[in-house]
Amino acid sequence: MRPVVARVDWDRAKTHGENMMDFDIAVKMHVYRTIAATTRAPTIAQVAQTLECTVEEVEEAFQRLFKKRLLVLEPDTSEIRMAPPFSAVETSFRVLVDGESYFANCVWDALGVAAALKRDVDVAATCGDCGQPMSMQVRRGAVVPEPWAVHFAVPAAHWWDDIVFT
Amino acid sequence: MLLFRSEEHVNRWCLDRNLPRRPIINLQQLWQLALAWYENRLTVDSRRPDPDEIDAIFARLGLTDPFWNPRATRIG
């Protein structure tokens, strides 16, 4: 795959604290642009290879991006589970964009995929109660009206206590 | 957060799980939240809104119940 971010001056980054932020931005942009382009999240090894850095440097950047709530990591492997609004694993919120399938973490993130990509989307979801298929559409920058109800079970202050449940 | 066909389905879901019924929003409000959170997510400067910005986003949508307070320690 073609690298999707410019090279960063790693020697300088290692000796200048402020450039750690540059590295994190490079990692973030690579992750998000890769998902946008391919629908799949890159692995730690793939990010390290593309950015020509070590696996440990990528793992550390992932942890910093987790603290900024820009990534959620798998507890056992530290690979990407979520790069909100995108999910790296299959969920019950499938977002179709020009024939490509993305997965979102929740109903909010399903519309978030449309907002992030700035594209028309069709969301295939199911009713949380009865499991019946439901759909949402975004067309020309607006959501198509439907009488659906969106329920938040967890108060805002606790969304990140267990973000997978939220 | 989950999607439901109607408020009745939300009520049944909560009852079945012995969970309190929490706020419901409509798709238009959800779309505005999606834009506020994610419109710039693929840009270099993207970040999650901070608590003050979250307060302002919810207030703009009329979501002023303590449930939406990102700093709240207790929700009734």
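Calculation criteria
Residues numbered from 1 in each chain as written. Chains lettered and ligands numbered in written order. Predicted model: local features only at pLDDT ≥ 70, side-chain atom pairs only at ≥ 80, totals over all residues. Helix = DSSP H or I, 4+ residues; strand = E, 2+ residues; numbered from the N terminus. Buried ≥ 20, exposed ≤ 12 C-beta atoms within 10 Å, placed from the backbone. Contact = placed C-beta atoms within 7 Å. Pairing = 2+ DSSP bridges. pLDDT = per-residue confidence, 0-100. Domains from an automatic or database assignment. Nonpolar A, V, L, I, M, F, W, Y, C, P; charged D, E, K, R; others polar.

(A) Expanded view of the overall build of chain A. The secondary structure content of chain A amounts to 5 helices and 9 strands. When the helices and strands of chain A are listed from N to C terminus, the series reads α-α-α-α-β-β-β-β-β-α-β-β-β-β. Per-residue burial for chain A yields a buried fraction of 37% across its 166 residues. Looking at chain A alone, contacts between residues at least 24 apart form 36% of all its contacts between residues at least 6 apart.

(B) Representation of the sheet that holds strand β2 (residues 80-83) of chain A within the structure. All names here are of chain A. Strand order in this open sheet of 3 strands is β1-β2-β3, and the pairing throughout is antiparallel. For this open sheet the edge positions go to β1 (72-73) and β3 (86-87), each flanked by a neighbour on one side alone. Of the strand pairs in this sheet, β1 and β2 are connected by 2 bridges, and their pairing is antiparallel. Each bridged residue has a counterpart across the sheet, and for L73 the counterpart in β2 is I80.

(C) Quick look at the confidence of the model for chain A. Residues and elements named next belong to chain A. Mean pLDDT over chain A works out to 89, with 86% of the residues at or above the 70 mark. For chain A, per-element mean pLDDT is lowest for helix α1 (residues 10-15), which scores 50, and highest for β3, which scores 98. Under a pLDDT of 50 for its full length, residues 1-6 has, in the predicted model, 8 contacts with residues more than four places off or in other chains.

(D) Summary view of the domain arrangement of chain A. Residue and element names in this part refer to chain A. Domain boundaries assigned for chain A yield domain 1 (10-72) and domain 2 (86-155). The C-alpha centroid of domain 2 is placed 27 Å from the C-alpha centroid of domain 1. Between domain 1 and domain 2, the contact holds 4 residues from the first and 6 residues from the second. When the residues that make up the side of domain 1 that touches domain 2 are grouped by side-chain class, the tally is 3 nonpolar, 1 polar and no charged.

(E) Spatial organisation of the sheet that holds strand β6 (residues 121-126) of chain A. All names here are of chain A. Pairing in this open sheet of 5 strands is antiparallel, and the strands run β5-β4-β6-β7-β8 from one edge to the other. Where the open sheet ends on each side, the last strands, each with one partner, are β5 (100-103) and β8 (142-143). In this sheet, strand β7 (residues 133-139) lies alongside β6 in antiparallel orientation, the contact comprising 6 bridges. Among the inter-strand pairings, D122 is bridged to a residue of β7, identified as Q137.

(F) Examining the interface of chain A and chain B more closely. Each partner contributes to the interface: chain A provides 38 residues, whereas chain B provides 39 residues. Looking at the side of chain A that touches chain B, the elements with two or more residues in it are α2 (18-38), α5 (107-117), β7 and β9 (149-151) of chain A. It is α5(A) that provides the largest number of residues to the side of chain A that touches chain B, a total of 7 residues. Residues of the side of chain A that touches chain B, tallied by class, amount to 29 nonpolar, 4 polar and 5 charged. Taken together, the 3 bridges between β9(A) and strand β1 (residues 2-4) of chain B define a ladder with antiparallel strand orientation. Within β1(B), the position partnered with A:H151 by the bridge is B:L2.

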